[in-house]
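# A structural walkthrough
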Amino acid sequence: MKKDILMAALLAATGLQARAAGITTETADSVGLGEVVVTGTRGATDIRHLPMTVSVVGRQKLTENYRTALLPTVNEQVPGLFVTSRGVLGYGVSTGSAGGIKVRGMGSGASMLVLIDGVPQYAGLMGHPIPDAYQTMLADRVEVLRGPASLLYGSNAMGGVVNIVTRQLLSDGSRTNVTLQGGSYGTIEGGITNTTRKGRVESIVGFNYSHTDGHRPDSKFSQYSGFAKLGYDISAHWRATGDISLTHFEAENPGEVASPLIDNDSRITRGMASVALANTYGRTEGAIRVFYNWGHHEINDGYGPGEQPQEALYMHDDMMGGVSVYQSMSLFRGNRLTLGFDYQHFGGRAWNEVMTTKEESVLGDKEQDEFAGYVELRQDLWSWLTVDAGLRVDNHSQAGTELVPQGGLTFRLSPQADLKAMVSKGFRNPTIREMYMFPPANDQLKPERMMNYELAFTQRLMHDRLRLGANVFYLKADNLIETVRSGGRPSNINTGEMENWGVELEAAYDVTRALKLNANYSFLDMNHPVTGAPEHKLYVGANYSVGRFAFATGLQYVDGLYTSTVAVGGEDRTENFWLWNLTASCRVAKGFRLFARGENLLAQGYEINYGYPMPRATVMAGADWEF
């Protein structure tokens, strides 16, 4: 009954098929009034004119805890979003892996899209992002679109989008940052980045190394990552950019405590390169991007105590490349029309290779294509009302054609208050793994689909020192791909359903220049519980600086987190826990700081992945030098 009332209220508020309504994550360095975002829109746009929910986590917030990985900070700062974890460092891949991203109970796997500067990042065979590849060193900010984003981004954006916007210098100069730290469980991390601009040319170069012995036997993790970007202002209207990133990591998986594994090791290499040409002419702007992602995976599935070691390794080479073109124009006052075209070619080859003889047994060798065109129209009807509507036509070489409509309303109630309403559609095409690899494969799978309905309100008070936000949503998904027994064998079938609703709240208060507070809370009700999506998630953070000293602390509460469900052959098991983190730093010379940070300082015992207990209190200390 309560869901029906919510649905009726949302439909009454929108009156048309609309798109995600939005508010901004109000951290100390988040997007403010009149500022712009680049996610959920093609081209930089004032967030107050967009109907989708875009949360922004800026560089100050990303770097204040000296974390190498992006996702732990995003997990804290964005309500309704949760990232799974299994240890001190690293998420891994395959059996026992973590790093699954869910928004409002939807996502993980191939249902949540990660972008770097708008370029999609996912494995060509499996369809999922590689969370260990996303590093703080390359990010100026992270923009998270909560809810379906399939109009602009197509398949894989069914649950939402995480867009990593890379760093750049706006004025001539050079800046180098070096960070070194070490701590619990033999963990060491180091990184160096340089950003330089001279005239029309800009460059960014970075390198990171991370290693931990792990808090359990056989849980080591090591990673090397590098990133480089070059930009050139051809003229006042044209800009060219090119970038490349590489990461290699080696991860051990100890298995569940009750079912330990030996030699379940993976060696993963991932790369991404892209070039872009962008134009800006005031009333019109656009870009063309060409990109190519690739990866090589070597995995030993390991063995249990008393069993025989594996004789073969699982290996695969995958790729995903494509072209994205759009042009956005203002035909008349208050109008913005965007036309776009996307093409992606993806696939790869997977095989088992006998370690002694190098003999190969092919598991899959497949490539596919996806073409799409879309149009989006945004119109200011009055100074206080914007209407947004769009349509995408997406064709997959195997799954067929999908129509994706959406639209929305944005009411600017005052210079400090906004009300937004939306209805949006998301979809996900089946992956090559689901259609062609391993025993459950089914090449007759169809796309998963979801409708999302949402209302959002934001308010700024006390000359923008106090920022408040609230939104309520309802989503219903069907045709979800599940593995079930059919004809005496497991098979992937479009049979699953999901129906979720929830509330998300945000608040930020700049008490003084030295003291800043922020908090967020989300409630999620699921009629079909899934793992990695808590019922309650609360975060309260504070930043305080005085003289040479700076402190950042946060307390997170998670309740109703399913680590196992009956639906996937286990038992319904839930976790609840409090996590307290604290970072303190001291400036001992110009640009040079010493710091120490502690995580899970309450020494909570808890699990996020079933059978993988998380480490209790951990401590890191190090130095950060910027010159």
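Structure: above.
Just so it is clear, the structure is predicted and the values come from calculations on it, not from any experiment. (Residues numbered from 1 in each chain as written. Predicted model: local features only at pLDDT ≥ 70, side-chain atom pairs only at ≥ 80, totals over all residues. Heavy atoms only, no water.)

## Comments concerning the overall build of the protein chain
- Along the protein chain, the regular secondary structure elements total five helices and 34 strands.
- Relative to the compact-globule value of 25 Å for 627 residues, the protein chain shows a C-alpha radius of gyration of 24 Å, a close match.
- Scored against the burial criterion, the 627 residues of the protein chain give a buried share of 56%.
- Relative to all contacts within the protein chain whose residues are 6 or more apart in sequence, the contacts with residues 24 or more apart total 63%.
- For the protein chain, the exposed surface amounts to about 24900 Å²; the carbon and sulfur share of it is 58%.
- Separation between the mean location of the 56 positive side-chain charges and that of the 66 negative ones in the protein chain comes to 8 Å. (Helix = DSSP H or I, 4+ residues; strand = E, 2+ residues; numbered from the N terminus. Rg over C-alpha atoms; globule rule 2.2 N^0.38 Å. Buried < 20%, exposed > 50% of the residue type's maximum accessible area, 1.4 Å probe, protein only. Contact = heavy atoms within 4.5 Å. Areas by Shrake-Rupley, 256 points an atom, 1.4 Å probe, with all protein chains shown as cover. Lys, Arg positive; Asp, Glu negative; His and termini not counted. Charge placed at Lys NZ, Arg CZ, Asp CG, Glu CD.)

## With respect to the pairing of strand 3 (residues 54-58)
- Within strand 3, five of the five residues are buried, which leaves the element mostly enclosed by the surrounding structure.
- Going residue by residue along strand 3, you find Val54, Val56 and Gly58 tucked away on one face and Ser55 and Val57 tucked away on the opposite face as well.
- Pairing analysis gives five bridges linking strand 3 to strand 9 (residues 139-146), with the strands arranged antiparallel. In the strand pairing of strand 9, glycine 58 is matched with arginine 141. (Pairing = 2+ DSSP bridges.)

## Digging into the pattern of salt bridges
- Going through the model one piece at a time under the given rule, you end up with 29 salt bridges.
- Of the charged contacts, one joins glutamate 64 and lysine 61 as a salt bridge, the two residues approaching to 3.2 Å between their closest N and O atoms. As far as burial versus exposure is concerned, glutamate 64 and lysine 61 are alike and both buried.
- Across the pair arginine 239 and glutamate 202 runs a salt bridge, and its minimum N-O distance is 2.7 Å. (Salt bridge = Lys/Arg side-chain N within 4 Å of Asp/Glu carboxyl O.)

## A few points about the packing of aromatic side chains
- The final tally for this structure, using the stated rule, is 15 aromatic pairs.
- An angle of 20° between the planes, with centres 6.4 Å apart, marks the rings of tryptophan 384 and phenylalanine 411 as stacked. Taken together, the residues span a long stretch of sequence, with tryptophan 384 in the loop between strand 22 (360-382) and strand 23 (385-396) and phenylalanine 411 in strand 24 (residues 400-414) at a distance of 27 residues.
- Assessed through its relative accessible area of 39%, tryptophan 384 is described here as partly exposed.
- Lying across the ring of phenylalanine 473, arginine 104 places its NZ or CZ 4.5 Å from the centre. (Phe/Tyr/Trp six-rings, centres within 6.5 Å; stacked < 30°, edge-to-face > 60°. Lys NZ or Arg CZ within 6 Å of the ring centre and 35° of its normal.)

## What about empty space enclosed by the protein?
- Tallying each qualifying case throughout the model produces 12 cavities of 30 Å³ or more.
- Computed from the structure, the largest cavity encloses a volume of approximately 750 Å³.
- The wall of the largest cavity is formed by 40 residues, among which Pro72, Ser85, Gly87, Val88 and Glu599 lie closest to the centre.
- Broken down by secondary-structure element, the contributors of at least two residues to the lining of the largest cavity are helix 3 (71-77), strand 4 (81-83), strand 12 (187-198), strand 14 (221-233), strand 32 (573-589), strand 33 (592-599) and strand 34 (618-626).
- Here the lining of the largest cavity gets four residues from one element, more than from any other, and that element is helix 3.
- Looking at the lining of the largest cavity residue by residue, the classes come out as 17 nonpolar, 16 polar and seven charged. (1 Å grid on protein atoms, 1.4 Å probe; cavity = no way out; pocket = protein on both sides within 12 Å on 5 of 7 lines; lining within 4 Å. Points joined across faces, edges and corners; volume = space filled by probe spheres on them. Nonpolar A, V, L, I, M, F, W, Y, C, P; charged D, E, K, R; others polar.)

## Looking at the sheet that holds strand 7 (residues 113-116)
- Here five strands make up an open sheet; going across it, the order is 3-9-10-7-8 and the pairing mixed. Single-partner strands in this sheet number two, and they are strand 3 and strand 8 (119-121). On average, each strand axis in the sheet is tilted by 25° relative to the strand beside it, whichever way the strands run.
- Two strands pair when backbone bridges link them, and strand 7 and strand 10 (residues 160-166) are joined in this way by four bridges, in the parallel orientation. In the sheet register, valine 114 faces strand 10, and the bridge partner there is valine 162. (Axes fitted to C-alpha atoms, helices over the stretch in contact; angles between N-to-C directions.)

## Focus on unusual backbone geometry
- One non-glycine residue, serine 94, lies in positive phi territory at about 65°.
- Even without a glycine there, the phi angle at methionine 462 is positive, about 55°.

## Section: the side chain of asparagine 253
- Along the chain, asparagine 253 turns up in the loop between strand 15 (238-252) and strand 16 (255-256).
- Among the residues examined, asparagine 253 registers a relative accessible area of 3% and is labelled buried.
- Side chain to side chain, asparagine 253 and asparagine 264 meet in a polar contact 2.6 Å long.
- There is a polar contact of 2.8 Å between the side chain of asparagine 253 and the side chain of tyrosine 612. (Polar contact = N/O pair within 3.5 Å; in protein donor to acceptor, adjacent residues only side chain to side chain.)

## A short note on the nonpolar core
- Counting 37 residues, the largest nonpolar core has Val54, Leu113, Tyr153 and Val161 as its most contacted members.
- Mapped onto this core, the elements with two or more residues apiece are strand 3, strand 7, helix 4 (150-153), strand 15, strand 19 (284-299), strand 20 (312-329) and strand 21 (335-354).
- Membership of the second largest hydrophobic core comes to 26 residues, among which are Val78, Ile101, Leu138 and Phe227. (Core = buried A, V, L, I, M, F, W, Y, C linked by side-chain atoms within 4.5 Å.)

Distances and angles like these do not, on their own, reveal function.
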